[in-house]
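Structural overview
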Amino acid sequence: MATVNLADARRIIEAAEARAAEIGQPMNIAVVDAGGNLVAHVRMDGAWTGSVDISVNKAWTSRAFDIPTKDLGANSQPGQQFYGIHASNHGRVMIFAGGIPLRRGDEVVGAVGVSGGTGEQDQTVAEAGAGAL
């Protein structure tokens, strides 16, 4: 199974940190491997400690379902097909923006999760990180 390694995770985090600095929002940035296991995490100076777990769980969620958490969130609202999914997996499933699967070609090899700003800010930082792979 192909997966991200520590060198990949460092590159992803570096790109995400650069974007977070550019928008002026300190973030927590997590990278998980193909198995959903944490490879690396960074809490930027000034980032909320309460967002550490959220960033890790956004990355895990994105890999567990191979979908951006932003899209999962849209499909988990009342009346939608995944309504209530956030209560599964002992509450670990995150249903708001900031988690993105990492792909090499068509294969998901991990995910990045970002937390510490608005959903839009988390998403743009996660996209920058994912783009570094």
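Under the annotation held in an unreviewed UniProt entry, the protein carries the name Heme-binding protein and is attributed to Phytohabitans kaempferiae.

1. Observations concerning the sheet that holds strand β2 (residues 38-43)
Strand order in this open sheet of four strands is β2-β1-β4-β3, and the pairing throughout is antiparallel. The two strands at the open ends of the sheet, each matched to only one other strand, are β2 and β3 (99-104). Neighbour-to-neighbour, the strand axes of this sheet turn through a mean angle of 15 degrees, independent of strand direction. Packed on one face of the sheet, helix α1 (residues 6-23) meets β1 (28-33), β2, β3 and β4 (107-115) and runs near 25 degrees to β2. Along the sheet, helix α4 (residues 119-131) contacts β3 and β4; its crossing angle with β4, the most-contacted strand, is approximately 145 degrees.

2. Focus on α4
For α4, spanning 13 residues, the distance from its first C-alpha to its last is 18 Å, which sits close to the expected 18 Å at 1.5 Å a residue. Those residues of α4 not exposed but buried are Asp122, Gln123, Val125, Ala126, Gly129 and Ala130. Contacts made by the buried residues of α4 are with α1, α2 (51-65), α3 (69-74), β3 and β4.

3. Some points on the pairing of β4
Within β4, eight of the nine residues are buried, which leaves the element mostly enclosed by the surrounding structure. Sheet topology places β1 next to β4; six bridges connect them, and they run antiparallel. Note on β4: the bridge partner recorded for Val32 is Ala111. Note: β3 against β4, six bridges, orientation antiparallel. By the bridge assignment for β4, Gly99 is matched with Gly113. Where β3 folds back on β4, the antiparallel hairpin that results is connected by two residues, among which Gly105 adopts a positive phi of roughly 65 degrees.

4. As for the nonpolar core
Core analysis: the largest hydrophobic core is formed by 19 residues, its most contacted members being Met27, Ile29, Val31, Leu102, Val112, Val114 and Val125. At the level of secondary structure, the elements contributing two or more residues to this core comprise α1, β1, β3, β4 and α4. In terms of residue count, α1 provides more of this core than any other element does, five residues in total. Here Val31 is in contact with Val4, Ala9, Ile12, Ile13, Asn37, Leu38, Val39, Ala40, Leu102, Ala111 and Val112, once residues within four sequence places are set aside.

5. Things to note about the side chain of Ser62
Within the secondary structure layout, Ser62 lies in helix α2. Side-chain polar atoms of Ser62 contact the backbone oxygen of Ile67, separated by 2.8 Å. When sequence neighbours within four positions are dropped, the list of residues in contact with Ser62 reads Ile67, Pro68, Thr69, Gly99, Ile100, Pro101 and Ala111.

6. A word on the pattern of salt bridges
Once their charged atoms are close, side chains differing in charge can pair, the charge on each being opposite to the other. Inspection of the entire model under this criterion finds five salt bridges. Close ionic contact of Asp8 with Arg11 constitutes a salt bridge, the shortest N to O distance being 2.9 Å. Of this pair, Asp8 and Arg11 both sit in helix α1, three residues apart, which is roughly one turn of that helix. Asp8 gets classed as buried once you look at its relative accessible area, which sits at 5%. Asp66 is paired through a salt bridge with Arg63; the nearest N and O atoms lie 2.3 Å apart. By relative accessible area, which is 34% here, Asp66 ends up partly exposed. Connected through shared salt-bridge partners, Asp8, Arg11 and Arg104 make up one network.

Definitions and cut-offs
- Residues numbered from 1 in each chain as written.
- Predicted model: local features only at pLDDT ≥ 70, side-chain atom pairs only at ≥ 80, totals over all residues.
- Heavy atoms only, no water.
- Pairing = 2+ DSSP bridges.
- Helix = DSSP H or I, 4+ residues; strand = E, 2+ residues; numbered from the N terminus.
- Axes fitted to C-alpha atoms, helices over the stretch in contact; angles between N-to-C directions.
- Contact = heavy atoms within 4.5 Å.
- Expected span 1.5 Å × (residues − 1).
- Buried < 20%, exposed > 50% of the residue type's maximum accessible area, 1.4 Å probe, protein only.
- Core = buried A, V, L, I, M, F, W, Y, C linked by side-chain atoms within 4.5 Å.
- Polar contact = N/O pair within 3.5 Å; in protein donor to acceptor, adjacent residues only side chain to side chain.
- Salt bridge = Lys/Arg side-chain N within 4 Å of Asp/Glu carboxyl O.

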